[in-house]
Amino acid sequence: MKAVCQAGYGGAEQLSVQEVPLPKLEASSVLVRIVAVSVNAGDHHMLTGRPFLIRVAVGRRAIPGMDFSGVVHAVGSGVECNFSEGDEVFGTADTKCGAFAEYISVPATNLVRKPEKVTWEEAAALPTAGMTALQSLRTGRPVETGGRVLINGASSGVGTFAVQLAKLMGANVTGVCSTANVAMVRSLGADAVVDYKKESVEQAAAAAGERYDKIIDAVGRLGWHRLLKPKGSHVAVALPNPESECVPCSLCAIACSPWCCCCLSSSKSHMFMQEVRAADMDELAKMVADGQLRPVLGLRLVGISEVPDALAGHSETLGQGHRTGKTVVSLRGVHSESMERE
Ligand SMILES: NC(=O)c1ccc[n+]([C@@H]2O[C@H](COP(=O)([O-])OP(=O)(O)OC[C@H]3O[C@@H](n4cnc5c(N)ncnc54)[C@H](OP(=O)(O)O)[C@@H]3O)[C@@H](O)[C@H]2O)c1
């Protein structure tokens, strides 16, 4: 099979499309013929090896790529679920990676069925970004009807899902993005949008006399406490930007803030780590099939040879990408929703 191979940490020069053996099918795994994949900021962190924490926590993978949609090719002998050959599925290899290839073998627990109404590209866009948005909104203070929720990085993969999910939960949502993405974030239902190129969140919040019940930070900065209401929650989805922050200091600040003496306030910061949960992927796919949730497909490419550039070019600046919504690549030669079902 063809796969994108990563030789070392760096950029596009470390990536090449090569012929490699099919992945081994473990007893508890399912072999999937991949139709479409999506790119996450996490894939880019694993390519660059920045922030350095990722080299220790995850390490380098021979074949990158987490999220995919595809067709079940074979089912391991020990899989106790009713996947069978030909089923249309989507899922994630998570940090084990291997999705930027024609086939992947993943634990059956990392897969769910793709509803017919959901396109291959939409399904590939869902796993990591969708689960992160859903789970981060369910971390800390619950979102209440009319509650004020701020999404920093509202135009990102995670942010575009978070804005829509927070609206579905009944919140009043403020999104933060750059000028080019203001209209798109509004179209997702955001009640207010802060254009960070024109004003800071602090300036916008002060002008509106606003504080927030919940802040989801999908970009990575500190200093959210003063924007929270009493008992509010800040959920740190992104690692602090390594270009502008000292990562160990920032991690300590986030981790310690619920207990540290300067932070006896009732508002809390939560470090967040997404977990692979099939039930969450199922829930997200049903919302897309019902028309309640719309994956924002920013850049749509065709062919595995496009993956190296899509991955290496995902971020213009270290740690903070400037892609809109999700970048998806159809591996089967045509835009996947028009692909004849096989
Ligand atoms: N903790 C976890 O388990 C977990 C899981 C998934 C993702 N993450 C992290 O969450 C973050 C988002 O992931 P992603 O895949 O959604 O990223 P992404 O799609 O690559 O994010 C790119 C977006 O970030 C926006 N952005 C960049 N700088 C910004 C700034 N200063 N203020 C506001 N928006 C800014 C860009 O919008 P503009 O072009 O408009 O600036 C762009 O739309 C990443 O740091 C990722 O590592 C963490």
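See the structure above.
Note that residues are indexed from 1 along each chain, following the sequence as it is written. With pLDDT at 70 or above as the cut-off, local features in this predicted model cover only qualifying residues; side-chain atom pairs require 80 or more to be listed or tallied, and sums for whole chains, interfaces and linings still use all residues. The side-chain values count all of the structure's non-hydrogen atoms but skip hydrogen atoms and water molecules.

**Here's the deal with the site of the ligand**
Here is the rule: Proximity is defined per residue: any heavy atom of the residue falling within 4 Å of a molecule or strand makes that residue near it. Polar contacts, as used here, are pairs of N or O atoms within 3.5 Å; protein pairs need one atom able to donate a hydrogen and one able to accept it. Residues neighboring in sequence count only if both atoms are side-chain atoms. Using a 1.4 Å probe, accessible areas were evaluated by the Shrake-Rupley method; residue-level cover was limited to the displayed protein chains. Secondary structure counts use DSSP, requiring at least four H or I residues in a row for a helix and at least two E residues in a row for a strand, with both numbered from the N terminus.
Surrounding the ligand, one finds 28 residues, the nearest of these being Val-158, Ser-178, Tyr-196, His-314 and Arg-323. Interatomic distance of 2.9 Å between a side-chain N/O atom of His-45 and an oxygen atom of the ligand. Take Arg-323: an N or O atom from its main chain is 2.6 Å from an oxygen atom of the ligand. Within the complex, 90% of the 930 Å² of free accessible area of the ligand lies under protein. Going through the elements one at a time, α1 (41–48), α4 (127–137) and α5 (157–168) are the ones with two or more residues in the shell around the ligand.

**Structural notes on the environment of Lys-96**
Rules: Under the scheme applied here, a residue whose accessible area is under 20% of the maximum for its type counts as buried, over 50% as exposed, and between as partly exposed, the area being computed with a 1.4 Å probe on protein chains only.
Assignment of secondary structure puts Lys-96 in the loop between β5 (88–92) and β6 (103–107). We classify Lys-96 as exposed; its relative accessible area is 68%. Taking the C-alpha atoms as reference points, Lys-96 and Met-66, separated by 30 residues in sequence, lie 7.5 Å from one another.

**So, the packing of α4 against α5**
As a reminder of what qualifies: Fitted lines through C-alpha atoms serve as axes, helices being fitted only where they are in contact, and the angles separating the N-to-C directions of these axes extend from 0 to 180 degrees. An angle below 35 degrees is treated as roughly parallel, one above 145 as roughly antiparallel, one from 65 to 115 as roughly perpendicular, and anything else as oblique. Handedness of a crossing is defined here by the sense of rotation of the near helix relative to the far one, left-handed for an anticlockwise turn of less than a right angle and right-handed for a clockwise turn. Contact between two residues is taken to exist if any of their heavy atoms lie within 4.5 Å; hydrogens are not considered.
Between α4 and α5, the shortest axis-to-axis distance is 8 Å and the interhelical angle comes to 50°. One element, α4, and the other, α5, form an angle in the oblique class. Judged by the sense of rotation from one axis to the other, the crossing of α4 with α5 is right-handed. In this structure, α4 uses Ala-129, Gly-130, Thr-132, Ala-133, Leu-134 and Leu-137 to contact α5, whose residues at the interface are Gly-157, Val-158, Phe-161, Ala-162, Leu-165 and Ala-166.

**Regarding the side chain of Asp-67**
Put simply, the rule reads: In this tally Asp and Glu are treated as negative and Lys and Arg as positive; neither His nor the chain ends contributes. For salt bridges, the criterion is a side-chain nitrogen of Lys or Arg within 4 Å of an Asp or Glu carboxyl oxygen.
Structurally, Asp-67 can be placed in strand β4 (residues 67–75). One buried charged side chain, Asp-67, makes no salt bridge at all; its nearest oppositely charged neighbour is Lys-326, positioned 4.8 Å away. A polar contact of 2.8 Å, which involves the side chain of Asp-67, links it to the side chain of Thr-92. Here Thr-128 takes part through its side chain, which lies 2.8 Å from a polar atom of the side chain of Asp-67. Once residues within four sequence positions are removed from consideration, Asp-67 is found in contact with Ala-36, Val-37, Ser-38, Asn-40, Gly-91, Thr-92, Ala-99, Ala-124, Pro-127, Thr-128 and Ala-129.

**Details of helix α9 (residues 278–289)**
The condition that has to hold: To estimate the expected span of a helix, count its residues, drop one, and scale the result by 1.5 Å.
Between its first and last C-alpha atoms α9 spans 16 Å; for 12 residues at 1.5 Å apiece the expected length is 16 Å, and the two agree. By the burial criterion, the buried members of α9 are Asp-280, Met-281, Leu-284, Ala-285, Met-287, Val-288 and Ala-289. Looking at the buried positions of α9, the neighbouring elements they touch are β5, β7 (111–113), α3 (120–125), α4 and α5. Downstream of α9 by one or two residues, Gly-291 has phi in the positive range, about 80°.

**Digging into the packing of aromatic side chains**
As a reminder of what qualifies: Planes of paired rings set the category: under 30 degrees apart is stacked, over 60 is edge-to-face and the rest tilted, where pairs are Phe, Tyr or Trp rings (Trp by its six-membered ring) whose centres lie within 6.5 Å. A ring is scored as having a charge over it whenever the NZ atom of a lysine or the CZ atom of an arginine sits within 6 Å of its centre and within 35 degrees of its normal.
Inspection of every chain in the model, using the stated rule, returns zero aromatic pairs. The residue whose ring lies beneath Lys-114 is Trp-120, and the NZ or CZ to ring-centre distance is 4.6 Å. Here the guanidinium or amino end of Arg-221 rests over the ring plane of Trp-224, the centre of that ring lying 4.0 Å away.

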